[in-house]
Number of protein chains: 2
Amino acid sequence: MHFKSLIRSIKERREMLQVTQETLADLSGVGLRTLKQFESGKGNPTAETLNKLGNALGLELTFQVKTTTAEE
Amino acid sequence: MHFKSLIRSIKERREMLQVTQETLADLSGVGLRTLKQFESGKGNPTAETLNKLGNALGLELTFQVKTTTAEE
DNA sequence: TTTTAAAGTGCATTATATGGCTCTTTTGTA
DNA sequence: TACAAAAGAGCCATATAATGCACTTTAAAA
């Protein structure tokens, strides 16, 4: 699934800030169980949930125009 | 809700490309009913649904680091 | 090692997103 | 105006996201 990269962003940012899943769950208002699911590669988060997590980590969920440059 | 801006992106892009809701629904695989809901300001789309719509429109769902005014 | 905090999982319940069908409202055009 | 296409909304069945609780696994420190 595509949101894997979104979750990766969450996880990387969380770890960069040295915040535990539990703390992030508390700060964001997202259930710990839910956050664990995402970071272990499962689930299909809603925009609201992604926003909550993003807000707590200083990340903003956006649509970017895909520039058809080369590959990655 | 925050995903309003995401939906706005979808809608603006769709209209810019002169694609109807129905066509976008077909192209993206998202139900027409669901797309209508979003564009009329309701609902809480999942990452998967946002991705489907984004893919059909050349938009990519990403997390951006929030820069408060000046930073690098 | 042993201990312990953090992370991951199974199960059950509740809340809600999805999507088809149908009808109404809005909008653009002749 | 009138008409047709597009957009919006109500109803509702189904699928699944969110969540808590209890348990297991992992990893890092003592």
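Treat the numbers as computed from the prediction; the structure is a model and nothing was measured. (Residues numbered from 1 in each chain as written. Chains lettered and ligands numbered in written order. Predicted model: local features only at pLDDT ≥ 70, side-chain atom pairs only at ≥ 80, totals over all residues. Heavy atoms only, no water.)

Caption draft 1: Inspection of the overall build of chain A at higher detail. From N to C terminus, chain A includes four helices and one strand. Each principal axis of the C-alpha distribution contributes one length, and for chain A these read about 40 × 25 × 20 Å. Out of the 72 residues belonging to chain A, those deemed buried represent 38%. Taking contacts inside chain A between residues at least 6 apart in sequence as the whole, the part at least 24 apart equals 55%. (Helix = DSSP H or I, 4+ residues; strand = E, 2+ residues; numbered from the N terminus. Buried < 20%, exposed > 50% of the residue type's maximum accessible area, 1.4 Å probe, protein only. Contact = heavy atoms within 4.5 Å.)

Caption draft 2: Broad picture of the interface of chain A and chain B. Contact with chain A, which involves 25 residues of that partner, is made by 25 residues of chain B. Taken as a group, Phe63(A), Gln64(A) and Lys66(A) account for 28% of the area that chain A buries against chain B, more than any other trio of residues on that side. Our enumeration of links across chain A and chain B arrives at 15 residue pairs in polar contact (both at pLDDT 80 or more). For the side of chain A that touches chain B, the secondary-structure elements that each account for two or more residues are α1 (3-16), α4 (47-57) and β1 (59-65) of chain A. Counting residues per element, the side of chain A that touches chain B draws most heavily on β1(A), which supplies seven residues. Broken down by class, the residue content of the side of chain A that touches chain B amounts to eleven nonpolar, ten polar and four charged. Pairing of β1(A) with strand β1 (residues 59-65) of chain B, which is carried by seven bridges, proceeds in the antiparallel orientation. (Buried area = accessible area lost by both parts, 1.4 Å probe. Polar contact = N/O pair within 3.5 Å; in protein donor to acceptor, adjacent residues only side chain to side chain. Nonpolar A, V, L, I, M, F, W, Y, C, P; charged D, E, K, R; others polar. Pairing = 2+ DSSP bridges.)

Caption draft 3: View of the protein's contact with DNA strand C. Near DNA strand C you find 19 residues, and of these Arg14(A), Gln21(A), Arg33(A), Lys42(A) and Thr49(B) are the closest. Backbone atoms, meaning sugar and phosphate, make up 60% of the atoms of DNA strand C lying within 4 Å of the protein. Thr46(B) has a polar backbone atom sitting 3.4 Å from a phosphate oxygen of DNA strand C. Taken together, the elements giving at least two residues each to the surface near DNA strand C come down to α1 and α3 (32-39) of chain A together with α3 (32-39) of chain B. Among the elements that take part in the surface near DNA strand C, α3(B) stands out by supplying four residues, more than any other. (Near = heavy atom within 4 Å.)

Caption draft 4: Region of interest: the protein's contact with DNA strand D. Lining the immediate environment of DNA strand D, one finds 20 residues, of which Thr49(A), Arg14(B), Gln21(B), Arg33(B) and Lys42(B) sit closest. Among the atoms of DNA strand D close to the protein, meaning within 4 Å, 61% are from sugar or phosphate groups. Contact between DNA strand D and Lys36(B): a base nitrogen at 3.1 Å from a side-chain N or O atom of the residue. Contact distances for DNA strand D include 2.9 Å between a phosphate oxygen and a side-chain N or O atom of Ser40(B).

Caption draft 5: Expanded view of the relation of the copies chain A and chain B. The operation relating chain A to chain B is a screw motion whose rotation component is 180°, with 0.0 Å of axial translation and a residual RMSD of 0.1 Å. Taken together, the rotation angle and the small translation identify this as a two-fold axis. Minimal C-alpha distance to the rotation axis in chain A is attained by Thr46(A), lying at 1.9 Å. (Least-squares fit on C-alpha atoms with pLDDT ≥ 70 in both.)

Function cannot be inferred from these measures alone, as they are strictly geometric.
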